[in-house]
Each structure stands twice: as structure tokens, then as C-alpha cells.
Amino acid sequence: MSCTVAALLAAALGPIAVAEDRIVGGERVHINQAPWTLSLREGGNHICGAALIAHDIALTAAHCVVDNDDLSVRAGSTNRAEGGVKRDVRKVVRAPKYKEGESDHDIAVLYLERDIAYNSNIRPVTIAESEVPAGTRALVTGWGVLTEGGSSPENLRGVVIPTVSLRTCRDSYGQDAVTIRMLCAGLPQGSKDSCQGDSGGPLTDHPFGEDPQLVGLVSWGRGCARPGYYGVYTNVAQPALRRWIHEETGK
Ligand code: ARG
């Protein structure tokens, strides 16, 4: 697939390589390359990403689903505004320890009104059972803005970035800001990152490869793609969070 080649090239050449469209510093991704990626919508507007984990269950960031109504998801479409399948969200369950306005425990389960059938553009992602080591290449996908403060793309984008250690991440954000429920990913020089509107969306290992596992959900960052700062993700494989997901969803 040409995107695999593009991703490898981008990884090899670094930030200078991809000048055109940017998630930030990324590339266009067809939904069939990350078919678990959902657009979470409030009243028909894209607000966040989400990850499909079963016919009628998805994960997103808790901060995406405080105090909203008329939530739905769109699956199976590269274009965030049309195509694929839409389902209303029937119930939202935020992590019990999530506190509004904070970024720890930033995860919620979405139960859909009705099952979504799988096809080449719609497939659930397996949730990682254990944490991946720092330096693992990972893919984040979403319809978030292309630059800090910039505009949102119509079509899905993705970027491949390495995970970094908590220690490295704490060096930039401070010891207390980054908890063990978080996973950081990105480049020390910035330039590739998720951004506003990507929140809740999936970070998976084995980019464009076999047997991808969900390792994170887009959560927060200082700006986007800034040098010296990383994207921060909800660490879904952290044992206590992983256990909660399993108890809540059976997955
Ligand atoms: N909080 C943002 C959202 O709601 C996501 C920010 C991610 N930031 C980053 N630098 N990776 O969409």
C-alpha cells in the first residue's frame, strides 16, 4: 500500500519530508486502513474521535463527553461529514475516577443504540493487554485540525509517531502533570502530533500492519506538535484502566 511506503519514508526522513497536508505532520488515511476510527458527533457536528471495540461499543476520551446530548458516531467513512454508517449513542459511562476539568483517567465507554455490521471499512480494534515499550511506532488517526489553531480536514488523516517514556514526558510537562494513566508519543523536535478534534481517537501499534492493538486515546498536549512537548494519550493498557474497561465492556 502506498501509505505504508509514505509512512516509512516520513519516519525515515523526519519532519522535512511531509510538507503538504497535515492531523499535524501526517498524511491522508483511507478509513479501511484504520477501520476502527469513528467520528463522534454532537448534534451532527464532529467533536472528537472514538475507537470501535465491538459491534455496539466504542471508547473515547471522557473530556469529550461531559455534559452533552444528542451524541452519535459515524463509522466506515473517510469523510467525516457523510457516508458510512451513523448510530446514536445510547449510554455514556465515564471512568469512575475521571474528574471534569482534569486530564487523569480520561476515558469513557460509548454504548451505541444498535449494532454496526463489520466490513472492510468498519472493524473493531483489539485493546492491548500490556503496555508497549517506549519507542514503539504507533499510528494516530482523526479529523482534528491540521495545525495548532488551524482548520479541520474533511477527510481522515493519520500520523506515525514513537511512544516515549513517562520520564521523558515528565521532563517536559512536569512530574505531577503526567500520571501512569497516560502515555506520551511524538518527536522531541515536534512537527508530528494529534491536535484539537482528534481527542478520544485511537493510537494503535503496528501502523498499517498486522494485528494492531489499541494502546492510547488522544487526550491532551501543550499546543500541538511543539518542539519539546509530546502528545498525551490515555494509557488504555495501564493495568487498573485495562481492568475497568474489561469489567465495563467485557473486552
Ligand atoms: N484536547 C484535544 C481535543 O479535545 C486533543 C489535544 C491533543 N493534543 C496534542 N498535542 N496531541 O481534541
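Residues numbered from 1 in each chain as written. Predicted model: local features only at pLDDT ≥ 70, side-chain atom pairs only at ≥ 80, totals over all residues. Heavy atoms only, no water.

Going by an unreviewed UniProt entry, the protein chain carries the name Peptidase S1 domain-containing protein and comes from Actinokineospora globicatena. In its Sequence similarities (unreviewed entry) section, UniProt records this for the protein chain: "Belongs to the peptidase S1 family." (UniProt positions renumbered as here; feature names shortened; annotations may be inferred.)

**Quick notes on the overall build of the protein chain**
Looking only at helices and strands, the protein chain has three helices and 14 strands in total. The C-alpha atoms of the protein chain give 16 Å as radius of gyration, which agrees with the globular expectation for 251 residues (18 Å, within 12%). In terms of principal-axis extent, the alpha carbons of the protein chain reach across some 45 × 40 × 35 Å. Counting the 251 residues in the protein chain, one finds 55% classified as buried. As presented, the protein chain carries roughly 10700 Å² of accessible surface, and 48% of it is formed by carbon and sulfur atoms. Between the averaged position of the 25 positive side-chain charges in the protein chain and that of its 29 negative side-chain charges there is a distance of 2 Å. (Helix = DSSP H or I, 4+ residues; strand = E, 2+ residues; numbered from the N terminus. Rg over C-alpha atoms; globule rule 2.2 N^0.38 Å. Buried < 20%, exposed > 50% of the residue type's maximum accessible area, 1.4 Å probe, protein only. Areas by Shrake-Rupley, 256 points an atom, 1.4 Å probe, with all protein chains shown as cover. Lys, Arg positive; Asp, Glu negative; His and termini not counted. Charge placed at Lys NZ, Arg CZ, Asp CG, Glu CD.)

**Remarks on the state of the cysteines**
By the definition in use, this model includes three disulfides. Note on cysteine connectivity: C48 is disulfide-linked to C64, with sulfurs 2.0 Å apart. Measuring the twist about the S-S bond at about -85°, one finds the C48-C64 disulfide to be left-handed. Of this pair, C48 sits in strand 3 (residues 45-54) while C64 sits in the loop between strand 4 (57-60) and strand 5 (71-75), and the two are 16 residues apart along the sequence. Note on C48: relative accessible area 5%, which makes it buried. Numbered by position along the chain, the disulfide-linked cysteines of the protein chain connect as 1-2, 3-4, 5-6. (Disulfide = S-S within 2.5 Å.)

**Focus on the site of the ligand**
The immediate surroundings of the ligand are formed by 15 residues, with H63, D193, S194, G197 and S199 found nearest. The side chain of H63 places a nitrogen or oxygen atom 2.9 Å from an oxygen atom of the ligand. Between a nitrogen atom of the ligand and a main-chain N or O atom of G223, the distance comes to 2.9 Å. Relative to its free-state accessible area of 350 Å², the ligand is covered by the protein chains to the extent of 90%. If one sorts the elements of the shell around the ligand by residue count, strand 13 (residues 213-220) sits on top with three residues. (Near = heavy atom within 4 Å. Polar contact = N/O pair within 3.5 Å; in protein donor to acceptor, adjacent residues only side chain to side chain.)

**Regarding the pairing of strand 12 (residues 202-205)**
Sheet faces and side chains relate simply in a regular strand, where the side chains alternate between the two faces. Here strand 12 shows no split at all, with P202 and T204 on one side and L203 and D205 on the other all buried. Summarising the sheet, strand 9 (residues 137-142) and strand 12 pair through three bridges and their orientation is antiparallel. Bridge pairing links V140 to L203 in strand 12. (Pairing = 2+ DSSP bridges.)

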